[in-house]
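Breakdown of the fold
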Amino acid sequence: MNSKRKSRSRTPRRPARHALGAVAAVAALGLALVGCGDKGSGARDEGKSKTTTATGTKVLWLGDSIAGAEAPALGAALKASGVEFKDSSSDGGGTVVDSGEKITQMISGDSWKRLAKDIESFRPTVVAYQITTYDWGSRDQQRAAYEKVVDTAKDAGADVVFVPSPPIKIDGFYKQHEAQMRTAPKVAAEVAGKSGGAATFLDASKVWGTDATAKQALRAPDGIHNCQQGAAAFAKWFSGELGKQQSFTPAPVDSWAQKSWTGDERYGKLRCAA
């Protein structure tokens, strides 16, 4: 993202109050995640697992900072399954929708440029786009953007997977766009349904539910992002659904859940519990 942009980043800048490397319970999986305390993210690493058979599937992960908080676990789960993974999510943006507002014009412009570069360099077989909290605009504007994603990926020989963002706390920043945020996943589902098989829509409410305050939503203290627990639950579900589509077998949870991704520095910034 352009550092000069005045868009509001949804990733807290406050330093962690708790040390990384503690246990994060994943209630949905009945599993304890033990963080190794490693700083930095392994989620943006490209390449396949060195200990599993390559599947030939290459996933390009797109979205905003919410997708970014899911990426460490998702990358670990997919790589353990022999799937190459590139996290191209963007804090404070990531949208492909140009609503006509200055902020989305700038963000979407960056997103399209980055997508073109990623397709050329990474050559994904799957472009997975999580609907961002910046996908504002009319239904027609949303539809045009999602159709463009499908056409762009199709031209590159890749499938598209749309997935909605989890339910989040609607604060003052999002309030005026709440209605548009609600139509975005519906429009994406419609686009996928009319794509002739080029795109699919995976309903992540099966993981999160629809209430951001419910225990099932697994929100971080900010009510928007997730901690390790939520990331692992999403990664298990998404890798399972993608495996059905792309004909690969997801790796067992215990083969990736207790790896160094649990100590990613973004979880400290989100004040995830020790």
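Predicted, not measured: the structure shown is a model, and the values here were computed from it.

**Let's talk about the packing of aromatic side chains**
Following the criterion strictly, the structure yields 15 aromatic pairs and no others. Between tyrosine 134 and tryptophan 136, the aromatic rings sit 5.5 Å apart at their centres with planes inclined by 35°, giving tilted as the arrangement. An aromatic cluster of three or more residues is present, and its members are Trp61, Trp208, Phe234, Trp237 and Phe238. Over the aromatic face of phenylalanine 122 sits the side chain of lysine 58, whose NZ or CZ is 4.9 Å from the ring centroid. It is lysine 148 that lies over the ring of tryptophan 112; its NZ or CZ is 4.3 Å from the centre.

**As for the environment of arginine 271**
Residue position: arginine 271 is located in the segment after helix H8 (265-269). Accessibility expressed as a relative area gives 28% for arginine 271, which makes it partly exposed. Counting along the chain gives 49 residues from arginine 271 to aspartate 222, while the straight-line C-alpha distance between them is 8.6 Å.

**Considerations on the pattern of salt bridges**
When their charged atoms lie close together, side chains carrying opposite charge are able to pair. Going through the model one piece at a time under the given rule, you end up with seven salt bridges. Arginine 143 serves as the salt-bridge partner of glutamate 190, at 3.3 Å between the closest nitrogen and oxygen. Here the residue glutamate 190 occupies a position in helix H5 (residues 178-193), and arginine 143 occupies one in helix H3 (residues 139-155), the gap between them amounting to 47 residues. Ionic pairing is found between glutamate 178 and arginine 182, a salt bridge with its closest N-O pair at 2.8 Å. In this pair, glutamate 178 and arginine 182 are both assigned in helix H5, four residues apart and thus about one turn of the helix distant. Counted as one network, the salt bridges with shared partners bring together Arg139, Asp140, Arg143 and Glu190.

Cut-offs used in this document
Residues numbered from 1 in each chain as written. Predicted model: local features only at pLDDT ≥ 70, side-chain atom pairs only at ≥ 80, totals over all residues. Heavy atoms only, no water. Phe/Tyr/Trp six-rings, centres within 6.5 Å; stacked < 30°, edge-to-face > 60°. Lys NZ or Arg CZ within 6 Å of the ring centre and 35° of its normal. Helix = DSSP H or I, 4+ residues; strand = E, 2+ residues; numbered from the N terminus. Buried < 20%, exposed > 50% of the residue type's maximum accessible area, 1.4 Å probe, protein only. Salt bridge = Lys/Arg side-chain N within 4 Å of Asp/Glu carboxyl O.

Interpretation note: all reported values are geometric properties and have no functional meaning in isolation.
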